[in-house]
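Structural overview for review
Given next are the chains, with one letter for each unit.
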Amino acid sequence: MLKMLLGRLLAIVPVLLGVTFVVFVAMHLAPGDVARTILGFGATEERVEALRAELGLDRPILVQYAHWLWNLLHGDLGQSIALGVPVSDVILDKVGASLLLMASSFVGAAGGGLLLAALSGGAHRSMRDRGITIVTLVCASLPPFWIGIVLLYAFSYQLGLFPSTGMVSMVDPGGWLDVAHHLVLPTITTALSSMAVVARVTRGSFIDIMNSPYIFAARAHGTPRRRLVRVDAMRNVLPVFVTISGLQIGYLFGSVIFSEIIFNWPGIGLQLYQAIIYRDYPVVQGCVLAVAIVFVFGNLLADLIVHALDPRKRA
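Residues numbered from 1 in each chain as written. Predicted model: local features only at pLDDT ≥ 70, side-chain atom pairs only at ≥ 80, totals over all residues. Heavy atoms only, no water.

What to know about the overall build of the protein
Each helix and strand in the protein was counted, giving 13 helices and zero strands. Seen in sequence order, the protein has helices and strands lined up from the N terminus as α-α-α-α-α-α-α-α-α-α-α-α-α. On the principal axes, the C-alpha backbone points of the protein span a range of 85 × 55 × 35 Å. Among the 315 residues that make up the protein, the fraction classed as buried is 42%. In the protein, 72% of the contacts between residues at least 6 apart in sequence involve partners at least 24 apart. Split by element, the accessible area of the protein, about 16800 Å² in all, is 69% carbon and sulfur. In the protein, 22 positive and 18 negative side-chain charges are present, and the distance between their average locations comes to 22 Å. (Helix = DSSP H or I, 4+ residues; strand = E, 2+ residues; numbered from the N terminus. Buried < 20%, exposed > 50% of the residue type's maximum accessible area, 1.4 Å probe, protein only. Contact = heavy atoms within 4.5 Å. Areas by Shrake-Rupley, 256 points an atom, 1.4 Å probe, with all protein chains shown as cover. Lys, Arg positive; Asp, Glu negative; His and termini not counted. Charge placed at Lys NZ, Arg CZ, Asp CG, Glu CD.)

So, in C-alpha cells, the structure goes:
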C-alpha cells in the first residue's frame, strides 16, 4: 500500500509540470498583448514596452516559466496582472465555491449513476433496462453548456422555480437554504453527463456479475433477486464504481467552468474565464494548477479506495 502510494505521488509531479508548461506556452503564443490590453490602444509603444519589461514579458518563454516555477516552489503564485493582488488570494477566495459545486455534483453523479446502474443492470434486457440505457446515452452525449442553457431558460426564466445567477440572493441572503436553492441548477448541469457515464460503465459490471456462476447458484437456492442485486452484486461492483467515479472528479471540475460561467457562480471556473479574457497569465496558471491538483489527487484517492476494497489488489 505504501509503495503504491509513493509511486503515485512521484508520478503526480511530471503530470503537474506538463500541464502547467503546456498552458503557460499556449497562453504566451495566443494572439494579443497583455501590456497593450492593460494600457489601452491609445498608449505609446514606449509605455507598452516599459510595462512588458516590468512584467517580465519581454524575456524568453522558457525563462518566464522557470521563474514562475521557482517562485511556485517557494509558495508564490505571482501577482495578478488585472487585479493587482496575489494569485493565491484570488484562488483561495474562489476555491470554496467551486469545491462546494463540485462536491454536490460528485454526490449527484456518483449516487445517481450507481442507482441507475443497479436498476438497469439488475434487470438486464427488460423494458426498464432499455429505457435507462437510452436516457443515459442521451445524457452522456449532451454538452454541459447546452444543458445549463436549457435548464436556465426552462426552470429560471420560464417557470421561475430557481434563481438564474449567483450563489446567494443579493437582496435578501437566506443562509444555507439560499445557497442550496442557487446550487440546484448548476449541480444538475455539471453532474448529468458524469452520472450517465458512471451509470453505463457500472451497469456493464452489474450485468457481468449477475451472469456469474455464484449468482446462479444463489438464485437456485432461492435467494431473492433484490438481495442479490443490493448485497452480493453491489459488493463486487464497488471497485469498478469507485474507479469510474474517481475519473469523473477531474471531468466535473472541468465542467464546473461551464456551469459557473452560465450561472455566474463565483468560483475558480468563472475566475479562469475572466483571466483568459484579460490575458492574466498568473491567474490562469494558478487556476489551471488548482484544477490539475484536484484531478490527480481525486484519481489517487479513487485508486486507494479500490485498493482497500479489492482483496486481490491487497494480496
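What about helix H7 (residues 144-158)?
Its 15 residues give H7 an end-to-end C-alpha distance of 20 Å, which sits within 8% of 21 Å, the value for a rise of 1.5 Å per residue. At leucine 152, H7 shows its maximal bend, which comes to roughly 25 degrees. Residues of H7 that are buried include every one of Pro144, Ile147, Gly148, Leu151, Leu152 and Ser156, and no others. Against helix H8 (175-210) and helix H10 (225-263) lie the buried residues of H7. Immediately downstream of H7, the backbone of glycine 160 shows phi near 65 degrees, a positive value. (Expected span 1.5 Å × (residues − 1). Bend = angle between axes of the 7 residues up to and from the residue.)

What about the nonpolar core?
The biggest cluster of nonpolar side chains holds 29 residues, and the ones touching the most others in it are Ile91, Met102, Phe253, Ile268, Val283 and Val284. Looking at this core, the elements that each hand over two or more residues are helix H1 (2-29), helix H5 (87-121), H10, helix H11 (268-277) and helix H12 (281-309). Of the residues forming this core, the biggest block, nine residues, is contributed by H12. Here valine 283 is in contact with Ser80, Val87, Val90, Gln271 and Ala275, once residues within four sequence places are set aside. (Core = buried A, V, L, I, M, F, W, Y, C linked by side-chain atoms within 4.5 Å.)

Side note on the environment of phenylalanine 21
Tracing the sequence through the fold places phenylalanine 21 in helix H1. Remark: the alpha-carbon pair of phenylalanine 21 and valine 87, spanning 66 residues in sequence, is separated by 18 Å. Setting aside residues no more than four positions away along its own chain, phenylalanine 21 makes contact with Leu62 and Tyr65.

Things to note about the pattern of salt bridges
Counted according to the given criterion, the structure contains one salt bridge. One salt bridge in this structure joins arginine 203 and aspartate 129, with 2.8 Å as the shortest N-O distance. On the criterion of sequence distance, the pair formed by arginine 203 in helix H8 and aspartate 129 in helix H6 (residues 127-141) is long-range, its members being 74 residues apart. On the basis of relative accessibility, which here comes to 2%, the residue aspartate 129 falls in the buried class. (Salt bridge = Lys/Arg side-chain N within 4 Å of Asp/Glu carboxyl O.)

Let's talk about the packing of aromatic side chains
All chains considered together, the criterion is met by three aromatic pairs. Between phenylalanine 145 and phenylalanine 258, the aromatic rings sit 6.1 Å apart at their centres with planes inclined by 50 degrees, giving tilted as the arrangement. Of the two residues, phenylalanine 145 sits in helix H7 while phenylalanine 258 sits in helix H10, which places them 113 residues apart along the sequence. Taken together, Phe21, Tyr65 and Trp68 form an aromatic cluster joined through their ring pairs. (Phe/Tyr/Trp six-rings, centres within 6.5 Å; stacked < 30°, edge-to-face > 60°.)

Some remarks on H5
Counted at 1.5 Å a residue, the expected span for H5 with its 35 residues is 51 Å, and the 47 Å between its end C-alpha atoms agrees. Along H5, the helix axis deviates most sharply at valine 95, where the bend reaches about 35 degrees.

Some remarks on a positive patch on the surface
Together, Arg128, Arg219, Arg225, Arg226 and Arg230 give the surface a local cluster of positive charge. For the positive patch, the element with the most residues is H10, which contributes three residues. Tracing the chain through its elements places arginine 219 in helix H9 (residues 213-220). By relative accessible area, which is 41% here, arginine 219 ends up partly exposed. (Patch = residues over 30% accessible without salt bridge, like charges linked within 9 Å, V, L, I, M, F, W, Y side chains within 5 Å.)

Some details on the side chain of aspartate 280
Inspection of the secondary structure assignment puts aspartate 280 in the loop between H11 and H12. A distance of 2.6 Å separates the side chain of aspartate 280 from the side chain of serine 80, its partner in a polar contact. (Polar contact = N/O pair within 3.5 Å; in protein donor to acceptor, adjacent residues only side chain to side chain.)

A short note on the packing of H5 against H6
Look at H5 against H6: their axes get within 8 Å of each other, and the N-to-C directions meet at 145 degrees. For the pair formed by H5 and H6, the contact residues are Leu116, Leu119 and Ser120 on the first element and Arg128, Asp129, Ile132, Thr133 and Thr136 on the second. Its residues assigned to classes, the contact of H5 with H6 comprises three nonpolar, three polar and two charged. (Axes fitted to C-alpha atoms, helices over the stretch in contact; angles between N-to-C directions. Nonpolar A, V, L, I, M, F, W, Y, C, P; charged D, E, K, R; others polar.)

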